[in-house]
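# A closer look at the structure
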Amino acid sequence: MSARLAAPAGVAPDAFRSLFRAHPAGVTVVCADAGSGPAGFTATSLTSVSIDPPLVSFAIATGSSAWPAVRDASSLTVNFLSSGQHEIATRFATSGIDRFGRPTLWSRLETGEPVLDDAPSFLRAVVTDRIEAGDHHVVLALVVDAETGGDHDPLVYHAGGYCAAAPLE
């Protein structure tokens, strides 16, 4: 029988934060409703996982006020923000406020999920798995509908603030 090696402690939190501050990420707002009213949060962790089937994933802090809705909802929306929508991103990243109150413009899809009216594009997805990962959960979801809404300059989070992405040409 072989001895198990202890797992390394990992990099220090400050070094981890510093590393990812230099890594730009697209900004989205994830919305869900598990029957207690709409909940949402700003997410920079959205990633495409598979094209066949079309799967996405994102991470959410277990302590987030939106976690109970995301934990219990069978489906949700991911709203992609444009470069001029940093106020929406800030609103959905702010704790202790009614994120869906004024001035947020939102509605429900025919299937019931909340969606941001001003988002240039969004997807609707059915949650397939929730995986505990440290102080977060990783949510895996099957994309069942998408509204692309045309071209827009995406909102990006980089170096602790919002900015626009621009082509290098």
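A brief look at the structure comes next. (Residues numbered from 1 in each chain as written. Predicted model: local features only at pLDDT ≥ 70, side-chain atom pairs only at ≥ 80, totals over all residues. Heavy atoms only, no water.)

## Examining the side chain of T42
- Here T42 is to be found in strand β3 (residues 39-43).
- Separated by 3.3 Å, the side chain of T42 and the backbone nitrogen of A93 make a polar contact.
- Here T42 is in contact with V27, T28, V29, I88, A89, F92, A93 and Y162, once residues within four sequence places are set aside. (Helix = DSSP H or I, 4+ residues; strand = E, 2+ residues; numbered from the N terminus. Polar contact = N/O pair within 3.5 Å; in protein donor to acceptor, adjacent residues only side chain to side chain. Contact = heavy atoms within 4.5 Å.)

## Focus: unusual backbone geometry
- Here the amide bond leading from D52 into P53 is cis, since omega sits at 5 degrees, within 30 degrees of zero.
- Mapped onto the elements, P53 comes out in the loop between β4 (47-51) and β5 (54-61).
- The residue after R102, namely P103, is reached through a cis peptide bond having omega 15 degrees.
- Topologically, P103 is positioned in the loop between α3 (86-93) and β7 (106-108).
- Backbone geometry places A159, a non-glycine residue, at a positive phi of 55 degrees.

What is shown is where atoms sit, not what they do.
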